[in-house]
Amino acid sequence: IYPGESIQAKVDAEPPGTRFTIKAGTHELQSVIPKDGDAFVGDSGAILDGEGVTAYAFHWVAGRQPSNVLIQGLIIQHYNPPTQLAPIQAGGTVAQYLAGEGTYGWVIQECEIRYNSTRGLSIGNHTLVLNNSIHHNGQLGIGGTGDSVIVQGNDIAYNNYQRAFDPGVEAGGAKFFETNWL
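Treat the numbers as computed from the prediction; the structure is a model and nothing was measured.

Asker: Looking at this structure, I do not really get the overall build of the chain. What am I missing?
Answerer: Per the secondary structure count, the chain includes two helices and 16 strands. Taken over the C-alpha trace, the chain has a radius of gyration of 15 Å; the compact-globule value for 182 residues is 16 Å, and the two agree within 12%. A principal-axis box enclosing the C-alpha atoms of the chain has dimensions of 45 × 35 × 30 Å. Across the chain, contacts joining residues at least 24 apart in sequence account for 56% of those joining residues at least 6 apart. Looking at the chain as shown, the accessible area adds up to about 7,800 Å², and 49% of this sits on carbon and sulfur atoms.

Right, dumping it as structure tokens:
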């Protein structure tokens, strides 16, 4: 998928389990609801830029809760999700988690997640967060709720760098809640 093309339109046109190559360059204002088993793999220099107005790069909605999604090799920057949510929204709120809503088995690896207004990444059940650089996000590097989560080999630094959020509530590197087997 080349800059200027709609990633969501490509997802909608293909069956679940499709592998999408995100070509180098800046992909502006993209917001994607994947299908089960979709993979989004970035060429070197592939950037998804929310330009400070787009809430989510990858997320889910009630009735469309994709499982086993791969997000790899992308730079995700300048997204503006609501407080305590993230541009990569693999998880949901505590209420959604307790209601059995959310995703399962997302893998986020070898990405750079930077300069987003709140969190960089939210986990869900069986999320794997591997070898990412998660830095300079407004509130928190990584957080959320989910069971059987692996967070390994990541560089999580300089989040809440503008000190706009209270660390006694949620700010800084990482915060997990209602989580088992992390």
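So much for the structure itself; the text now carries on.
Asker: Can you walk me through the pairing of strand β1 (residues 19-22) in this structure?
Answerer: The two faces of the sheet receive side chains in turn, since in a regular strand these alternate between them. What you see with β1 is a clean split: Phe20 and Ile22 sit on the buried side and Arg19 and Thr21 on the side with no burial. Summarising the sheet, β1 and strand β3 (residues 39-42) pair through four bridges and their orientation is parallel. For phenylalanine 20, the partnering residue across the bridge sits in β3 and is phenylalanine 40.

Asker: Honestly, the sheet that holds strand β7 (residues 88-89) in this entry has me stumped. Any pointers?
Answerer: Backbone hydrogen bonds are what pair the strands of a sheet, in a parallel or an antiparallel way. The strand order β7-β10-β13-β16 describes an open sheet built from four strands, whose pairing is parallel. At either margin of the open sheet sits one strand with a lone partner, and together these are β7 and β16 (172-176). Note that strand β13 (residues 140-144) and β16 share four bridges and pair parallel. Of the residues in β16, the one forming a bridge with glycine 144 is phenylalanine 176.

Asker: Is there a simple way to think about the sheet that holds strand β12 (residues 133-135) in this case?
Answerer: The strand order β2-β4-β6-β9-β12-β15 describes an open sheet built from six strands, whose pairing is parallel. Every interior strand has two partners, whereas the edge strands, β2 (25-28) and β15 (155-157), have only one. For this sheet, the mean inter-axis angle between neighbouring strands, taken without regard to orientation, is 15°. Summarising the sheet, β12 and β15 pair through three bridges and their orientation is parallel. Across the sheet, the residue bridging to histidine 135 is alanine 157, located in β15.

Asker: So what exactly am I meant to see when it comes to the nonpolar core here?
Answerer: Taken as a class, soluble globular proteins show a tendency for nonpolar side chains to be buried jointly. One finds Phe40, Phe58 and Leu74 to be the most contacted residues of the largest nonpolar core, which totals 28 residues. In contact with phenylalanine 40, other than residues within four places in its own chain, are Ile7, Val11, Phe20, Ile22, Val32, Pro34, Phe58, Val69, Leu70, Ile71, Gln72 and Leu74.

Asker: Mind showing me how you'd approach the side chain of aspartate 49 here?
Answerer: Within the secondary structure layout, aspartate 49 lies in strand β4 (residues 46-49). Nearest to the buried, unbridged aspartate 49 among oppositely charged side chains is arginine 114, at 7.2 Å. Contacts of aspartate 49, omitting those with residues within four sequence positions, involve Thr26, His27, Glu28, Leu29, Gln77, His78 and Tyr79.

Asker: Even after reading the chapter, I still don't get the packing of aromatic side chains, so can you show me in this structure?
Answerer: Think of a pair of aromatic rings as described by two things: how far the centres are apart, and how the planes are tilted against each other in angle. Inspection of every chain in the model, using the stated rule, returns three aromatic pairs. With a centroid separation of 5.3 Å and 15° between ring planes, the pair formed by phenylalanine 20 and phenylalanine 40 is classed as stacked. On the criterion of sequence distance, the pair formed by phenylalanine 20 in strand β1 and phenylalanine 40 in strand β3 is long-range, its members being 20 residues apart. Ring centres of tyrosine 115 and tyrosine 161 lie 5.9 Å apart, and the angle between their planes is 90°; on these two criteria the pair is classed as edge-to-face. Of the two residues, tyrosine 115 sits in the loop between β9 (112-114) and β10 (119-123) while tyrosine 161 sits in the loop between β15 and β16, which places them 46 residues apart along the sequence. When its relative accessible area of 36% is taken as the criterion, tyrosine 161 is described as partly exposed.

Definitions and cut-offs
- Residues numbered from 1 in each chain as written.
- Predicted model: local features only at pLDDT ≥ 70, side-chain atom pairs only at ≥ 80, totals over all residues.
- Heavy atoms only, no water.
- Helix = DSSP H or I, 4+ residues; strand = E, 2+ residues; numbered from the N terminus.
- Rg over C-alpha atoms; globule rule 2.2 N^0.38 Å.
- Contact = heavy atoms within 4.5 Å.
- Areas by Shrake-Rupley, 256 points an atom, 1.4 Å probe, with all protein chains shown as cover.
- Buried < 20%, exposed > 50% of the residue type's maximum accessible area, 1.4 Å probe, protein only.
- Pairing = 2+ DSSP bridges.
- Axes fitted to C-alpha atoms, helices over the stretch in contact; angles between N-to-C directions.
- Core = buried A, V, L, I, M, F, W, Y, C linked by side-chain atoms within 4.5 Å.
- Lys, Arg positive; Asp, Glu negative; His and termini not counted.
- Salt bridge = Lys/Arg side-chain N within 4 Å of Asp/Glu carboxyl O.
- Phe/Tyr/Trp six-rings, centres within 6.5 Å; stacked < 30°, edge-to-face > 60°.

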